[in-house]
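The primary structure of each chain is shown beneath.
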Amino acid sequence: MPAVVEVAFFAGAIGALGGAIAVIALRNPFYSVLALVVHLVSLAGLFLILYAQFVAAAQIVVYAGAVMVLYVFVAAYVGGAEEPLWEPIPGQRLIAPLLAAALFVELSIAVLGTGLQAIGTDGPTLGEDFGTPARIGELLLERFLIPFEAASLLLLMAAVGAIVLAGRRREASRGG
Amino acid sequence: MAVEWYLVLSALLFATGAAGVLIRRSPLVILLCLELMLNAGNLALLAFSRSTGNEDGQVFALVVMVVAACEVVVGLGLIVAMYRRRLPLNVDDMRELRG
């Protein structure tokens, strides 16, 4: 059983990392969006290994489904404009990966250097219903009711904001 | 799998997303790179949730997904508004608000 988990972890990790690198390396925004879908599906597999079934399902349905469709629409609407090779900051393409590598080293030192109890172990054995929709729903409606309602209010505000930002203004279209 | 594998993978994905934000200049791709960073955070949250045997981290990951969806909606609305006004879709050309 552990061998299966390890193979699944490395397959998911390679998919997630390859998708992430493809997102930042491909020059056409449309292909970047498709690479992000690969990344998100691989991550959903990793979430399943971590016993987060509900989060994995939400990741597939909400992220890889709905949000990515929105991205594809906008990428098609705006058009796949390739970025110019002109660099406003000299050496940006050299310095940025160095900064990112430094960030990775720093994060790894911070995470692995702490005296966390669970480091080096597989974690406790979990019950059958860990991470099931029933348990998550109970938590959302009992212990985390106020964050849940705040999140729904935030979604409503974002929807109104998007309409205000992107909606066609009557006066402007009549004038032009 | 021990939890540090997930944490190192999460750090690697976060650094990749940060590199993308620094390198790319199309606002659409910068939004995609922000998604990469948020998902790296989600992976770390779920790994900690697994290692402590507590589901609070999973609820937190769901809230992060809600925030990411809001960010996408507002960001894509801004991009569409920029496109409608014939503004260049390049963050380096959009620096009029810079102090």
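These figures come from a predicted structure and were not determined experimentally. (Residues numbered from 1 in each chain as written. Chains lettered and ligands numbered in written order. Predicted model: local features only at pLDDT ≥ 70, side-chain atom pairs only at ≥ 80, totals over all residues.)

## What about the interface of chain B and chain A?
The line we're drawing: Contact between two residues is assigned whenever their backbone-derived C-beta positions fall within 7 Å. Labels follow the DSSP assignment, with helices taken as runs of H or I lasting at least four residues and strands as runs of E lasting at least two, numbered in each case from the N terminus. In this classification, Asp, Glu, Lys and Arg are treated as charged, Ala, Val, Leu, Ile, Met, Phe, Trp, Tyr, Cys and Pro as nonpolar, and every other residue, Gly included, as polar.
Each partner contributes to the interface: chain B provides 61 residues, whereas chain A provides 73 residues. Looking at the side of chain B that touches chain A, the elements with two or more residues in it are helix 1 (3-23), helix 2 (27-52) and helix 3 (56-84) of chain B. At 20 residues, the largest contribution of residues to the side of chain B that touches chain A is made by helix 3 of chain B. Residues belonging to the side of chain B that touches chain A are distributed by class as follows: 43 nonpolar, 11 polar and seven charged.

## Remarks on the packing of helix 4 (residues 92-112) of chain A against helix 1 of chain B
We count it as follows: Axes here refer to lines fitted to C-alpha atoms; in helices the fit is confined to the stretch in contact. Angles between the N-to-C directions go from 0 to 180 degrees. Each angle gets one of four labels, with under 35 degrees taken as roughly parallel, over 145 as roughly antiparallel, 65 to 115 as roughly perpendicular, and the rest as oblique. Should the near helix be turned anticlockwise from the far one by less than a right angle, the crossing is left-handed, and should it be turned clockwise, the crossing is right-handed.
Running from N to C, helix 4 of chain A and helix 1 of chain B point in directions that differ by 155°, and their axes come no closer than 8 Å. Relative to helix 1 of chain B, the element helix 4 of chain A lies roughly antiparallel. The hand of the helix 4 of chain A/helix 1 of chain B crossing is right-handed. In the contact of helix 4 of chain A with helix 1 of chain B, the residues fall into 20 nonpolar, three polar and two charged.

## With respect to the packing of helix 1 (residues 2-25) of chain A against helix 2 (residues 29-49) of chain A
Residues and elements named next belong to chain A. Viewed as axis vectors pointing N to C, helix 1 and helix 2 meet at an angle of 155°, and their least axial separation amounts to 8 Å. In terms of orientation, helix 1 lies roughly antiparallel with respect to helix 2. Crossing geometry of helix 1 relative to helix 2 is assigned as left-handed. For the pair helix 1 and helix 2, the contacting residues are Val5, Ala8, Phe9, Gly12, Gly15, Ala16, Gly19, Ala20, Ala22 and Val23 in the first and Ser32, Ala35, Leu36, Val38, His39, Ser42, Leu43, Gly45, Leu46 and Ile49 in the second. In the contact of helix 1 with helix 2, the residues fall into 13 nonpolar, seven polar and no charged.

## Comments concerning the confidence of the model for chain A
What counts here: A residue's pLDDT is the predictor's confidence in that residue, given on a scale from 0 to 100.
A residue-level look at chain A finds 86% of positions with pLDDT of 70 or above and a mean pLDDT of 84. For chain A, the element scoring lowest by mean pLDDT is helix 7 (residues 170-175) of chain A, at 52; helix 2 of chain A scores highest, at 93.

## Some thoughts on the environment of Ala134 of chain A
All names here are of chain A. Condition: Counting other C-beta atoms within 10 Å of a residue's C-beta gives its exposure: the residue is buried at 20 or more, exposed at 12 or fewer, and partly exposed in between, where C-beta atoms are placed from the backbone.
Following the sequence through the fold, Ala134 ends up in helix 5 (residues 133-141). By the C-beta count within 10 Å, which is 10 here, Ala134 ends up exposed. Taking the C-alpha atoms as reference points, Ala134 and Val72, separated by 62 residues in sequence, lie 33 Å from one another.

## What to know about helix 2 of chain B
Residue and element names in this part refer to chain B. What counts, and what does not: Each helix should span, by expectation, one fewer than its residue count multiplied by 1.5 Å.
Here helix 2 is 26 residues long and its end C-alpha atoms lie 38 Å apart, about the 38 Å a rise of 1.5 Å per residue gives. Burial of helix 2 is extensive: 21 of the 26 residues sit out of reach of the surface. Downstream of helix 2 by a residue or two, Gly53 has a phi angle that is positive, lying close to 65°.

## Description of the nonpolar core
Quick note on the threshold: Here, a nonpolar core means buried Ala, Val, Leu, Ile, Met, Phe, Trp, Tyr and Cys residues linked by C-beta atoms lying within 7 Å of one another.
Counting residues in hydrophobic clusters, the biggest one holds 67 residues, and the most contacted among them are Phe47 and Val55 of chain A together with Leu13, Leu32, Leu43, Leu46 and Ala47 of chain B. Top element by residues in this core is helix 2 of chain B. It accounts for 14 residues. Apart from residues lying up to four places away in sequence, Leu46 of chain B is in contact with Phe47, Leu50, Ala52 and Val55 of chain A together with Gly57, Gln58 and Ala61 of chain B.

## Considering unusual backbone geometry
Despite not being glycine, Tyr51 of chain A shows a phi value in the positive range, around 65°. According to the C-beta neighbour criterion, Tyr51 of chain A is buried, with 21 such atoms within 10 Å.

## Thoughts on the environment of Leu40 of chain A
Structurally, the position occupied by Leu40 of chain A is in helix 2. The class of Leu40 of chain A is buried, set by 23 C-beta atoms lying within 10 Å. Along the backbone, Leu40 of chain A and Ala56 of chain A are 16 residues apart, and their C-alpha atoms lie at a distance of 9.6 Å. If sequence neighbours within four positions are ignored, Leu40 of chain A has contacts with Gln59, Tyr63 and Ala64 of chain A together with Asn39 of chain B.

## Some points on the environment of Phe48 of chain B
Here Phe48 of chain B shows up in helix 2. Residue Phe48 of chain B is classed as buried on the basis of its 21 C-beta neighbours within 10 Å.

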